[in-house]
Amino acid sequence: MELAILFNYFQLCCEDYNWWWRSFCIGGSCSIYTFLYSCYYFKNLQVNTFATYVLYFGYTTLTTMAMFLMTGSISSLACLWFNISIFGSIKVD
């Protein structure tokens, strides 16, 4: 979340105001690490049936997609709050 806010700030400093999808993807990127680690963990398991592959990667994919949506939504809301607080403090005379 802090990383998404930091990148949002840098993007606003460069006068690029399309921050929505970038904040969502930066927040959700931790699920990519989780999926890659689960693939590494699966390599250490001893499996011998096709059903095991389907179940493991099916549930892993669903879990990491849900994690991507949750963390992406949280980081987008955090960036929205950050932008509201920054632009709310500007005094226009």
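What comes next concerns the included structure. Please read these numbers as outputs of a predicted model, since none were measured by experiment. Counting restarts for each chain, with residues numbered from 1 along the sequence as it is written. At least 70 in pLDDT is required for a residue's local features to be given in this predicted model, at least 80 for side-chain atom pairs to be given and counted, and no such filter applies to totals for whole chains, interfaces and linings, which use all residues. Hydrogens and water molecules were not included; the side-chain quantities draw on all heavy atoms of the structure.

Below, the discussion takes up the environment of Tyr37. Here Tyr37 shows up in helix 3 (residues 30–44). Think of it in three bands: residues with accessible area under 20% of the maximum for their type are buried, residues over 50% are exposed, and the middle band is partly exposed, with areas taken using a 1.4 Å probe on protein chains only. Judged by its relative accessible area of 46%, Tyr37 falls in the partly exposed class. We count a stretch as a helix when DSSP gives it H or I for four or more residues in a row; a strand needs E for two or more, and each element gets its number in order from the N terminus.

Moving on, we come to the packing of helix 1 (residues 2–13) against helix 2 (residues 20–28). Only the contacting stretch of a helix is used when fitting its axis, a line to C-alpha atoms as for every element, and angles between N-to-C directions run 0 to 180 degrees. Two elements in contact, helix 1 and helix 2, have axes whose closest approach is 9 Å; the angle formed by their N-to-C orientations is 150°. Accordingly, the angle class assigned to the pair helix 1 and helix 2 is roughly antiparallel. Regarding helix 1 and helix 2, the two cross each other, and that crossing is right-handed. Counting all contacts with helix 1, which are made through Leu3, Ala4, Phe7 and Gln11, the residues of helix 2 involved are Arg22, Ser23 and Ile26. Looking at the contact of helix 1 with helix 2 residue by residue, the classes come out as four nonpolar, two polar and one charged. If an angle is under 35 degrees, it is roughly parallel; if it is over 145, roughly antiparallel; if it lies from 65 to 115, roughly perpendicular; otherwise it is oblique. By convention, the crossing between two helices is left-handed when the near helix turns anticlockwise from the far helix through less than a right angle, and right-handed when the turn is clockwise. Here, two residues are considered to be in contact whenever any of their heavy atoms come within 4.5 Å of each other. Only Asp, Glu, Lys and Arg are considered charged, only Ala, Val, Leu, Ile, Met, Phe, Trp, Tyr, Cys and Pro nonpolar, and every remaining residue, Gly among them, polar.

Below, the discussion takes up the side chain of Ser23. Along the polypeptide, Ser23 turns up in helix 2. Under this definition, polar contacts are N or O atom pairs within 3.5 Å; protein pairs additionally need one hydrogen-donor-capable and one acceptor-capable atom, and for neighbouring residues in sequence, both atoms have to be side-chain atoms. In terms of polar contacts, Ser23 uses its side chain to reach the backbone carbonyl oxygen of Trp20, at 2.8 Å. Within the local environment of Ser23, its side chain forms a polar contact with the side chain of Ser76, the two groups lying 3.5 Å apart. In this view, Ser23 contacts Ala4, Ser75, Ser76 and Cys79; residues no more than four positions away in its chain are not counted.

Here the focus is a nonpolar patch on the surface. The grouping of Leu3, Leu6, Phe7, Tyr9 and Phe10 at the surface amounts to a nonpolar patch, some 480 Å² of accessible area in total. The topology assignment puts Leu6 in helix 1. Overall, the relative accessible area of 39% leaves Leu6 in the partly exposed class. Two joining distances apply to patches: 9 Å for like charges and 5 Å for nonpolar side chains (Val, Leu, Ile, Met, Phe, Trp, Tyr), and every residue must have over 30% relative accessible area and no salt bridge. We get accessible surface area from the Shrake-Rupley algorithm with a probe of 1.4 Å; when it comes to residues, only the shown protein chains can shield them. We define a salt bridge as a side-chain nitrogen of Lys or Arg found within 4 Å of a carboxyl oxygen belonging to Asp or Glu.

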